[in-house]
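Residue strings, one per chain:
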Amino acid sequence: MASGAVANAPPAGGGTDVSLEEPKKMTREDWRKKKELEEQRKLGNAPAEVDEEGKDINPHIPQYISSVPWYIDPSKRPTLKHQRPQPEKQKQYNSSGDWYKRGVQEHAVATRYRKGACENCGALTHKKKDCMERPRKVGAKYTGMNIAPDEHVQPQLMFDYDGKRDRWNGYNPEEHMKIVEEYSKVDLAKRTLKAQKLQEELASGKLEQVERDHNSEDEDEDKYADDIDMPGQNFDSKRRITVRNLRIREDIAKYLRNLDPNSAYYDPKTRAMRENPYANTGKNPDEVGYAGDNFVRYTGDTISMAQTQLFAWEAYDKGSEVHLQADPTKLELLYKSFKVKKEDFKAQQKESILEKYGGQEHLDAPPPELLLAQTEDYVEYSRHGTVIKGQEKAIACSKYEEDVKINNHTCIWGSYWKEGKWGYKCCHSFVKYSYCTGEAGKEIANTEASLMEEQPEDEEHMTKPKTLMEIHQEKQKEKKKKKHKKSSNSDSEGEEKKKQEKLKKALNAEEARLLHIKEIMQLDERKRPYNSQYETREPTEEEMEAYRMKRQRPDDPMASFLGQ
């Protein structure tokens, strides 16, 4: 297969010196000695095997990795050279000192056109279609004048992992020396100016007073900066190092303020507890020593500070040179004047809208006591709802007109109701805009009602007598009704008998089916018949009733007695 194909192929490199004869088979004694040596090397009692480069081979590496196959080169010793990086396959990277050259002119400007150069400007580093110079009316190829210098072609640098991430690669230290020299010159100029001032003050006699002022300034600096330590810090004025101390003993950790696991969340990474830990305890946040980071962030002057900062940004975008930290006084005065102007503008706008459209009366709201119907008056009620002490609450009036009596009526419209109609109680009239007739109207309404009740009795007496033909037809209809009732009774009895017979047949068929199923279930699975000849049709009502009657329910407590 593959090994045979490799064995028959010529050796790599085309060399004729290497013989591809299969090595001689080792004797049993040599094989035993070889195995013992390998065991000794693994235990560390014997020196490790050395490859052709003089490096030790790990004895635990398998033979198929370290030894060279006989069909490639049987003369070679075991080696791990093929496991190491091959130098011909390694990428060549630039050193860390290599970088792109900036502002370098490698060659002098040519005086005449050179073959293969740009036909437009005469530079050798690009062609006419890549030329970035303005197209000339007559190119440099034909005039030989104003030949542009050759651009410096930057090299293609290949860096390794560290070279790509070197921040200072390509940095010129001479540039930093220029900055150092500039600062040293400024420092020297300051010293000379200070020396001249001291000489002038010494000549004028003001030196002693100046020394006193300097000493007082130094004392103030020591008083406010060096002598006072911030809480939780030690400030060394000589070394200028801030050292953190342990926390104050009186401070309670945020996560110990409320041990309820459902209380505010404490973030251990940022040591922040944004919500109030006493939120579910019913305590007022103003009375608690710590109410969460957000309480401190959104209370006090922080909101006004944020509004002022926002105003500063908006004013700066519109052209005003204001800054919160650089000039806070100017910003505060400007913000106050802005708020006053804004309120004046809103008031003017509101007045103009009211003058144009009206509606001032709707804006004049009554006092909140009337709106909420709450007063300080004490009222005491009994268990039945009557007022014992105080004044009873006034009943709220409707927006519609009430107690309006028209056309001499003593009762209002709707005070009387009869047979689905509204009327006046004083005269029992059902016409809304009628005049009141008093007791006479009530009597007339009562007599009309009694007449309406007597009228159906009179109508029964006034009916016409029936003819002999009509009487005969009614008798015939009654006879037909009686015959139909008898036939229907006999038909219903016959139908019930038929249903009972059908139900018996269905019960017998269901019992036979259950016995057949029981016999089949006792047979072996491989000997059971198929149901290919089974009739598929919709069951009748009698069959369904028989199935329900014969069905066994395992959850029925009397199921065990059904088979007896």
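Residues numbered from 1 in each chain as written. Predicted model: local features only at pLDDT ≥ 70, side-chain atom pairs only at ≥ 80, totals over all residues. Heavy atoms only, no water.

Asks: I'm lost on the overall build of the protein chain in this one. Help?
Replies: Looking only at helices and strands, one finds 15 helices and six strands in the protein chain. Across the 564 residues that make up the protein chain, the buried fraction comes to 11%. Contacts spanning at least 24 positions in sequence make up 34% of the contacts within the protein chain whose residues lie at least 6 apart. Of the roughly 50,800 Å² of accessible surface on the protein chain, 53% is carried by carbon and sulfur atoms. (Helix = DSSP H or I, 4+ residues; strand = E, 2+ residues; numbered from the N terminus. Buried < 20%, exposed > 50% of the residue type's maximum accessible area, 1.4 Å probe, protein only. Contact = heavy atoms within 4.5 Å. Areas by Shrake-Rupley, 256 points an atom, 1.4 Å probe, with all protein chains shown as cover.)

Asks: Looking at this structure, how should I read helix 2 (residues 28–43)?
Replies: Within an α-helix, residues lying three or four positions from one another point in the same direction, as the helix has 3.6 residues per turn. Its 16 residues place the ends of helix 2 23 Å apart at the C-alpha level, agreeing with the 22 Å of an ideal helix rising 1.5 Å per residue. The positive-phi residue at the C-terminal boundary of helix 2 is Gly 44, with phi of around 90 degrees. (Expected span 1.5 Å × (residues − 1).)

Asks: What's the story with the nonpolar core in this structure? I'm lost.
Replies: Generally speaking, nonpolar side chains in soluble globular proteins are found buried as a group. If you look at the biggest cluster of nonpolar residues, it comprises seven residues: Phe 311, Ala 312, Ala 315, Val 322, Leu 324, Leu 331 and Tyr 335. At the level of secondary structure, the elements contributing two or more residues to this core comprise helix 9 (302–317) and helix 10 (328–357). In terms of residue count, helix 9 provides more of this core than any other element does, three residues in total. Setting aside its immediate chain neighbours within four residues, Val 322 contacts Ala 312, Ala 315, Tyr 316, Lys 330, Leu 331 and Leu 334. (Core = buried A, V, L, I, M, F, W, Y, C linked by side-chain atoms within 4.5 Å.)

Asks: I'm lost on a nonpolar patch on the surface in this one. Help?
Replies: Taken together, the side chains of Ile 252, Tyr 255, Leu 256 and Leu 259 present a nonpolar region at the surface, about 450 Å² in accessible area. Note on placement: Tyr 255 falls in the loop between strand 2 (241–244) and helix 8 (293–297). Note on Tyr 255: relative accessible area 46%, which makes it partly exposed. (Patch = residues over 30% accessible without salt bridge, like charges linked within 9 Å, V, L, I, M, F, W, Y side chains within 5 Å. Salt bridge = Lys/Arg side-chain N within 4 Å of Asp/Glu carboxyl O.)

Asks: Teacher, can you tell me more about the packing of helix 9 against helix 10 here?
Replies: Think of two packed helices as two axes; the pair is described by the angle between the axes and how far apart they sit. With their axes 10 Å apart at the nearest point, helix 9 and helix 10 run at an angle of 90 degrees to one another. Viewed along their axes, helix 9 and helix 10 adopt a mutual orientation that is roughly perpendicular. Here Gln 307, Thr 308, Phe 311 and Ala 312 of helix 9 lie close against helix 10, whose contacting residues are Leu 331, Glu 332, Leu 334, Tyr 335 and Phe 338. In terms of residue class, the contact of helix 9 with helix 10 is built from six nonpolar, two polar and one charged. (Axes fitted to C-alpha atoms, helices over the stretch in contact; angles between N-to-C directions. Parallel < 35°, antiparallel > 145°, perpendicular 65-115°, else oblique. Nonpolar A, V, L, I, M, F, W, Y, C, P; charged D, E, K, R; others polar.)

Asks: Just checking my understanding: could you explain the confidence of the model for the protein chain for this structure?
Replies: Residues shown with low pLDDT carry predicted positions that ought not to be read at fine detail. For the protein chain, per-residue confidence averages 80 on the pLDDT scale, and residues scoring 70 or more make up 81% of the total. Mean pLDDT across the elements of the protein chain ranges from a minimum in helix 1 (residues 2–8), with 40, to a maximum in helix 10, with 93. Long-range and interchain partners of residues 1–18, a stretch whose pLDDT sits below 50, account for eight contacts in this model, where long-range means more than four residues apart. Taken together, the stretch residues 219–235 has pLDDT below 50 and engages in 23 contacts with residues farther than four places along the chain or on a different chain. (pLDDT = per-residue confidence, 0-100.)

Asks: What is the right way to look at the pattern of salt bridges in this model?
Replies: Two side chains carrying opposite charge are able to pair once their charged atoms lie near each other. The final tally for this structure, using the stated rule, is 15 salt bridges. Of the charged contacts, one joins Lys 55 and Glu 53 as a salt bridge, the two residues approaching to 3.9 Å between their closest N and O atoms. One connected set of salt bridges, linked through shared partners, spans Glu 29, Arg 32 and Glu 36.

Asks: Help me out: how do you make sense of a positive patch on the surface in this one?
Replies: Taken together, Lys 475, Lys 477, Lys 479, Lys 480, Lys 481, Lys 482 and Lys 483 make up a surface patch of like positive charges. With respect to the helices and strands, the residue Lys 482 is situated in helix 14 (residues 468–522). (Lys, Arg positive; Asp, Glu negative; His and termini not counted. Charge placed at Lys NZ, Arg CZ, Asp CG, Glu CD.)

Asks: Sorry, what's going on with the packing of aromatic side chains here?
Replies: Aromatic rings considered in pairs are described by the distance between their centres and by the relative angle of their planes. Within the structure shown, the criterion is met by nine aromatic pairs. Here the aromatic rings of Phe 311 and Phe 338 are separated by 5.0 Å at their centres, their planes lie at 35 degrees, and the arrangement is tilted. Residue Phe 311 is located in helix 9, and its partner Phe 338 is located in helix 10; the two are separated by 27 residues in the primary sequence. Note on Phe 311: relative accessible area 10%, which makes it buried. Phe 338 gets classed as partly exposed once you look at its relative accessible area, which sits at 37%. (Phe/Tyr/Trp six-rings, centres within 6.5 Å; stacked < 30°, edge-to-face > 60°.)

Asks: For this particular structure, what's the right way to read the side chain of Asn 169?
Replies: Along the chain, Asn 169 turns up in the loop between helix 5 (161–164) and helix 6 (173–204). At 3.3 Å, the side chain of Asn 169 and the backbone oxygen of Ser 96 are in polar contact. Once residues within four sequence positions are removed from consideration, Asn 169 is found in contact with Ser 96, Gly 97, Asp 98, Trp 99, Phe 159 and Gly 163. (Polar contact = N/O pair within 3.5 Å; in protein donor to acceptor, adjacent residues only side chain to side chain.)

Asks: Which parts of the structure should I look at to understand unusual backbone geometry?
Replies: Glycine aside, residues mostly have negative phi angles, and peptide bonds mostly take the trans form. Its identity as a non-glycine residue notwithstanding, Arg 271 has a phi of 55 degrees, on the positive side. Residue classification places Arg 271 among the exposed residues on the basis of a relative accessible area of 62%. Positioned with a positive phi, His 428 is a non-glycine residue whose angle comes to about 55 degrees. Tracing the chain through its elements places His 428 in the loop between strand 6 (421–423) and helix 13 (439–461).

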